[in-house]
Structures are given as structure tokens and as C-alpha cells.
Amino acid sequence: MRISEILSDGRIHISCEVFPPKKFDGIAQATRVAQEIAGLQPSFMSVTYGASGSTPGHTLAVAKAVRDTGVTPLCHLTCVQSSRSHVQQVLREMQENGLENVLALRGDLPRDGCIQTDFTYASELISFIHSQGSFCVGAACYPEAHPESASRQADMDNLRRKVDAGVDFLTTQMFFDNGLLYNFLYRAQRAGIRVPVCAGIMPICDPKQVARAVKLSGSIMPPRFAAIADRFANAPAAMTQAGIAFATEQIVDLIANGVTNIHLYTMNKPWIARAIMENLSEILRVDT
């Protein structure tokens with residue numbers, strides 16, 4: 001099923017992200033994790049593009065395992081290390097396996113600085129994907145602006161180009177202050193962006209994740225969460241419980257304020273996804 005259709009039905013949707021292994025011998029374990037999370041019956045599941053975009057076959061293998069559970073899979077596809085012919089091959093394999101949903105991303109710049117030049121921006125990849133078949137295409141957006149953007153306005157202009165290239169839905173980078181998302185959605189609406197937006201939530205259950213999350217996303221860490229991470233840094237079980245509670249509170253607030261599409265960055269930890277889904281069990285039954 002096309003994700004744009006799922007997100008347009010007016011219901012509350014919780015989706016989940018998983019990532020494939022860096023090495024082929026980890027496929028079985030990654031598949032089991034994906035299947036366990038699929039058992040929670042998320043609206044769809046996204047599968048990232050492996051280690052620096054170098055393992056598309058692993059992404060497709062996990063995506064097929066998700067598909068076989070009856071949950072709609074979403075395959076990530078990056079362009080920073082992908083040639084035109086490589087993207088064509090990946091899309092061809094997706095079509096052959098009945099995979100029609102793509103999240104088109106520029107991707108992280110490789111450490112060695114070796115990048116492909118066929119696609120410079122995600123908007124170019126989006127246009128190319130549409131030229132290769134009938135795909136439902138999503139893209140990333142940044143409530144706090146992309147760390148490399150010159151300004152919030154420049155970032156919104158770039159997002160507008162992605163939407164104009166044919167984006168069907170958007171998924172936000174992780175954020176920890178809902179006020180930032182509400183401001184972003186207001187600005188996006190003013191810019192004429194009307195496609196569905198999935199709010200990306202990452203439960204931080206390990207203090208070591210805090211610095212990495214800030215570095216990757218440029219996110220502002222609210223003082224109250226910084227206090228949680230500091231207080232429970234040496235109590236792993238308490239930190240996990242606090243991280244789940246914080247993420248749950250974020251989601252409850254989002255849903256109460258009309259944001260009905262939530263995307264969980266699970267970090268391949270089914271027990272965390274399950275705990276959050278259980279916390280939301282009655283809320284997800286409320287008719288929107």
C-alpha cells in the first residue's frame with residue numbers, strides 16, 4: 001500500500017524505523033528484530049540504507065521481511081554515494097519485489113570525501129525516482145533546519161523544491177521540543193507545503209545517545225531532558241524508563257494538538273517500541 005494513502009485516512013498513525021546490518025551475516029538477526037517490531041502492527045516501517053548507503057541489498061532484504069508480515073515497508077535511498085545506474089538498479093529490484101515506497105535522502109557525506117556527482121540534492125533524486133516508475137516518494141525535513149543550511153528560510157526553500165519535485169509525504173528529523181515542530185508546521189503551511197508530515201520521535205534511553213543525537217540532528221536538548229540524562233546517567237534501567245516516559249509524553253502532546261502521524265526511531269530495540277505502544281494503547285483507539 002502507498003504510504004500517502006495510509007497517511008491521508010485521518011487516523012492516528014504510529015510508524016517505526018529499523019536499520020539493516022552492516023554485514024550480511026547479520027541479516028537474520030536484523031530480520032528477526034524487524035519482524036518483532038512489525039508484530040506491534042505499526043502503520044508502516046521504514047528501513048534505512050545501511051552503512052553509508054553501501055548495503056542496499058541488506059535494506060531490501062529487511063524490507064521484504066517486513067512486507068511478508070503484512071506491514072507496509074518504506075525503503076530509504078540516498079544519492080550522495082549513488083550513481084544514476086545504481087539508483088536505477090535498486091529501483092528495479094524494488095519493483096520486482098513489490099516495494100513501492102521510497103524515502104529519498106541526500107545521505108550523510110562520506111568520511112573519505114568520495115561522493116558521486118550524478119545527484120547533488122535530494123530533490124534531483126526525487127525527480128529521477130518518479131521517472132523510473134510509479135513510486136510513492138517521501139523526503140526528510142528538519143524542524144530546527146538542516147545543520148548545513150544557511151538559515152531557516154533557506155532550509156524551507158530547499159524543502160519547497162523537494163515537494164515541487166514530487167514528494168508525497170515528509171518525515172522529520174528527531175526533535176525533543178514539540179514547540180519547535182509546531183513552529184515548523186506553521187512555517188511550512190505558509191510556504192504552501194500541504195503534504196502529510198510524520199513527526200520523528202527518538203526515545204533516548206542511554207545518556208551516551210544524547211550527544212550523538214544532538215550532533216546528528218542539530219537538535220536542541222530541552223533543559224528538563226538534560227536533567228533527566230544527568231540524574232539517571234549511572235542507572236541504566238531508570239534511564240530507559242525515563243526515556244520511554246519522555247518520548248511517550250511528547251507523543252501524547254503531539255496527538256492532543258492534532259499531529260496524528262508519528263514516526264518512532266526504534267534503534268532496533270523492539271522492547272522500547274513495545275513499551276511506547278502499550279503506553280499509547282487507549283490513546284490510539286480515540287477516533288480523530
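Scroll up to find the structure this text is about.
One structure accompanies this document, and this report is about it. Only a predicted model underlies this, so the values are computations on that prediction, with no experimental measurement involved. What you see as residue numbers is a count from 1 along each chain, following the sequence as written. Local features are withheld for residues below a pLDDT of 70 in this predicted model, meaning they are given only at 70 or higher, and side-chain atom pairs are given and counted only at 80 or more; totals for whole chains, interfaces and linings count all residues. With hydrogens and water excluded, all non-hydrogen atoms of the structure serve as input to the side-chain values.

## Re the layout of surface pockets
- Think of a 1 Å grid over just the protein atoms. A cavity is a set of points where a 1.4 Å probe fits yet cannot get out, a pocket is an open set with protein on both sides within 12 Å along at least five of seven lines, and lining residues have an atom within 4 Å of a point. Grid points are joined across faces, edges and corners, and a volume is the space filled by probe spheres set on the points. Of the voids in this model, the second largest pocket is the one considered here, and its volume is about 470 Å³.
- As for the second largest pocket, its lining consists of 21 residues, and the residues nearest its centre are Arg11, Ile12, Gln41, Ser43 and Leu284.
- We count a stretch as a helix when DSSP gives it H or I for four or more residues in a row; a strand needs E for two or more, and each element gets its number in order from the N terminus. Counting residues per element, the ones that place at least two in the lining of the second largest pocket are α1 (3–7), β1 (13–18) and α11 (270–279).
- At three residues, the largest contribution of residues to the lining of the second largest pocket is made by α11.
- Under the grouping applied here, Gly and all other residues not named as nonpolar or charged are polar, the nonpolar ones being Ala, Val, Leu, Ile, Met, Phe, Trp, Tyr, Cys and Pro and the charged ones Asp, Glu, Lys and Arg. Looking at the lining of the second largest pocket, its residues break down into nine nonpolar, six polar and six charged.

## A look at the environment of Arg224
- Inspection of the secondary structure puts Arg224 in helix α9 (residues 223–231).
- On a C-alpha basis, the gap between Arg224 and Leu170 in space is 28 Å, while along the polypeptide they are 54 residues apart.
- What makes two residues a contact is simply this: any of their non-hydrogen atoms within 4.5 Å. Apart from residues lying up to four places away in sequence, Arg224 is in contact with Phe246 and Glu249.

## Things to note about the packing of aromatic side chains
- Only Phe, Tyr and Trp rings take part, Trp by its six-membered ring, and two of them pair if their centres are within 6.5 Å. Stacked means planes under 30 degrees apart, edge-to-face means over 60, and tilted covers everything else. Enumeration according to the criterion identifies four aromatic pairs in this entry.
- Note on Phe176 and Phe225: the rings are 6.2 Å apart at their centroids and 20° apart in plane angle, and the pair reads as stacked. Taken together, the positions of Phe176 in the loop between β6 (169–172) and α7 (178–190) and Phe225 in helix α9 put the pair 49 residues apart, joining distant regions of the chain.
- The rings of Phe176, Phe225 and Phe246 are connected pair by pair, giving a single aromatic cluster.

## A word on empty space enclosed by the protein
- Across all of its chains, the model carries one cavity of 30 Å³ or more by this definition.
- Approximately 30 Å³ is the volume attributed to the largest cavity.
- Lining the largest cavity, in full, are Pro203, Cys205, Gln209, Tyr265, Thr266, Met267, Lys269 and Ile272.
- Residue composition of the lining of the largest cavity, by class: five nonpolar, two polar and one charged.

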